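Results of the structural survey
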Amino acid sequence: IAQILKKHKTNYKIILLPMFDQNKYSKSDIHFLQKTFGNQNVFDFSGINSYTNNIGNYYEPGHFRDIVGKQILDSIYQK
C-alpha cells in the first residue's frame, strides 16, 4: 500500500481512532506504521485521552460524534 501511495504521489494520513473501550494500539504496531508510512503521516488517538475519557463523545461504543472527527482532523491539519 505504501508503495502504491508513493507511486501515485498521494497525500494521505493514517489515523488510529479514539475508541470507546480505550484500547491502545501496541507500540510495535505504531512503530511499524510510522516506519512504513512515515512519522509525519501517522496520528495516534487510541488509548486513554481526552476523547475517550468523555462518554459524551460517543453515540454508542462503536461510533464517536461528528465533533470528535472534526477536532481530530483540525488537529492534524492545524486549522
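Let me begin by describing the structure that accompanies this report. Only a predicted model underlies this, so the values are computations on that prediction, with no experimental measurement involved.

1. A word on the overall build of the chain
Across its full length, the chain carries three helices and four strands. Secondary structure elements in the chain, listed N-terminal to C-terminal, are α-β-α-β-β-β-α. For the chain, the spread of C-alpha atoms along the principal axes amounts to about 40 × 30 × 20 Å. By the burial criterion, 29% of the 79 residues in the chain qualify as buried. Within the chain, residue pairs in contact and separated by at least 24 positions form 63% of the contacts whose partners lie at least 6 positions apart. Summed over all atoms, the accessible surface of the chain reaches about 5,900 Å², with 56% contributed by carbon and sulfur. In the chain, which carries 10 positive and 6 negative side-chain charges, the distance between the mean positions of the two groups comes to 13 Å.

2. Brief notes about the nonpolar core
Ala2, Leu5, Tyr12, Leu16, Ile30, Leu33, Phe37 and Val42 together form the largest nonpolar core, which totals eight residues. Secondary-structure elements contributing two or more residues to this core are helix H1 (2-7) and helix H2 (27-37). Residue contributions to this core peak at three residues, all from H2. If we ignore the near neighbours within four places in the chain, the residues touching Leu16 are Tyr25, Ile30, Leu33, Phe43, Asp44, Phe45 and Ser46. With five residues, the next largest nonpolar core counts Tyr51, Val68, Ile72 and Ile76 among its residues.

What counts, and where the lines are drawn
Residues numbered from 1 in each chain as written. Predicted model: local features only at pLDDT ≥ 70, side-chain atom pairs only at ≥ 80, totals over all residues. Heavy atoms only, no water. Helix = DSSP H or I, 4+ residues; strand = E, 2+ residues; numbered from the N terminus. Buried < 20%, exposed > 50% of the residue type's maximum accessible area, 1.4 Å probe, protein only. Contact = heavy atoms within 4.5 Å. Areas by Shrake-Rupley, 256 points an atom, 1.4 Å probe, with all protein chains shown as cover. Lys, Arg positive; Asp, Glu negative; His and termini not counted. Charge placed at Lys NZ, Arg CZ, Asp CG, Glu CD. Core = buried A, V, L, I, M, F, W, Y, C linked by side-chain atoms within 4.5 Å.

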